[in-house]
Amino acid sequence: MNNPRHYFHLHLVSDSTGETLMTVARAATVQYENVQEIEHVYPLVRSQKQLDRVISEIEKAPGIVLYTLVDEEIAQRLEQKCRELGTPFVNILDPVFAVFQSYLNVTQTHRIGGQHEMDAEYFSRMEALNYTMMHDDGQIWDDLESADIVLLGISRTSKTPTCIYLANRGIKAANVPLVPDIPLPESVKSLKYPMVVGLIASAERIQQIRRNRVLSLNSEGYNDQYVDRKEISREINMTRRLCSEHNWPLIDVTRRSIEETAAEILTLFKDYKTARENGVSE
């Protein structure tokens, strides 16, 4: 008999976008079985008036409070209210700041949302994202040489979301679909600058995703081969052969999240760039 799921309120209070809090909170909650958070996110809390609304919500639904607030007065008031309510609270960046300050021996700037400033790195990410969207699913073939990374794979191997994740890291990523009985263009086979990576998954996994996609689209005239397990296996073997012929790395994404796949690609890319800079042929 399954244990009942336990729900709790999780309040995430930030003077910036709240992305850091959400990432940390979700990384923590997945470690506990049969527990599900009810997430309340309060971004851009930078005034006492904005904090009033947050406190009102916490009073209505007490739970764990995680926050990242640079303004000391606002943070202290939130902490005091949590003490009065008997609600646990944590400034998740405090331990990090303490380590940095003790090691670097410099004073914290108390700059709000500094990681989101529109600096050169920001515009580089936007440029990469625009490039990736324009080169999704083989839309543009003639300038793939300007990509950093090109992903190849059959349908439903997470090419697009992986490229978008990489673009958010400032990587110009394009993806090219591999279609049965349609040869890969020579322009792709002869790419010199970008790192080419093949993506595969198990036949069972791809079949499941394709079936769900067909059902969600209510497709009536789709090709039966699209969800045929033997045909899918043939497509996977085609990908394997192609990557082996061109010495392209191959990643099995069956049990990987998008983040894990991207992390593996970035590790490969780091080595690839080092080899390229040293004039070593891949």
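Going by the structure above, here's the rest.
First, a word on what this report is: a plain description of the structure on this page. In this text the structure is predicted, and so the values were computed from the model without any measurement.

Reading the values: the criteria
- Residues numbered from 1 in each chain as written.
- Predicted model: local features only at pLDDT ≥ 70, side-chain atom pairs only at ≥ 80, totals over all residues.
- Heavy atoms only, no water.
- Helix = DSSP H or I, 4+ residues; strand = E, 2+ residues; numbered from the N terminus.
- Rg over C-alpha atoms; globule rule 2.2 N^0.38 Å.
- Buried < 20%, exposed > 50% of the residue type's maximum accessible area, 1.4 Å probe, protein only.
- Contact = heavy atoms within 4.5 Å.
- Areas by Shrake-Rupley, 256 points an atom, 1.4 Å probe, with all protein chains shown as cover.
- Lys, Arg positive; Asp, Glu negative; His and termini not counted.
- Charge placed at Lys NZ, Arg CZ, Asp CG, Glu CD.
- Pairing = 2+ DSSP bridges.
- Axes fitted to C-alpha atoms, helices over the stretch in contact; angles between N-to-C directions.

### Some words on the overall build of the protein chain
Piece 1. Each helix and strand in the protein chain was counted, giving ten helices and eight strands.
Piece 2. For the protein chain, whose C-alpha radius of gyration is 24 Å, the value lies well above the compact-globule estimate of 19 Å for 282 residues.
Piece 3. By its C-alpha atoms, the protein chain is 70 × 55 × 30 Å across when sized along the principal axes.
Piece 4. When burial is assessed residue by residue, the protein chain has 36% of its 282 residues classed as buried.
Piece 5. Counted over contacts in the protein chain with a minimum sequence separation of 6, partners at least 24 positions apart contribute 74%.
Piece 6. When the accessible surface of the protein chain is totalled, it reaches about 17,200 Å², and 51% of it is carbon and sulfur.
Piece 7. A distance of 4 Å separates the average location of the 31 positive side-chain charges in the protein chain from that of its 40 negative side-chain charges.

### A short note on the sheet that holds strand β2 (residues 35–42)
Piece 1. Reading across from one edge, β2-β1-β3-β4 is the order of the four strands in this open sheet, with parallel pairing throughout. Strands with a single pairing partner mark the edges of an open sheet, and in this sheet they are β2 and β4 (89–91). Shown here is a sheet whose adjacent strand axes are inclined to one another by a mean of 20 degrees, direction ignored.
Piece 2. For strand β1 (residues 6–14) and β2, the ladder comprises eight bridges, and the chain directions are parallel. Opposite L10, over in β2, you have E39 as the bridge partner.
Piece 3. Contacts from helix α1 (residues 19–29) reach β1, β2 and β3 (64–68), with the element oriented near 155 degrees to β1.

### Quick word on the environment of K192
Piece 1. You can see K192 is positioned in the loop between α7 (186–189) and β7 (195–200).
Piece 2. Residues K192 and Q139, spaced 53 residues apart in sequence, show a C-alpha to C-alpha distance of 20 Å.
Piece 3. The contacts of K192, once residues within four sequence positions are left out, are E145 and Y272.

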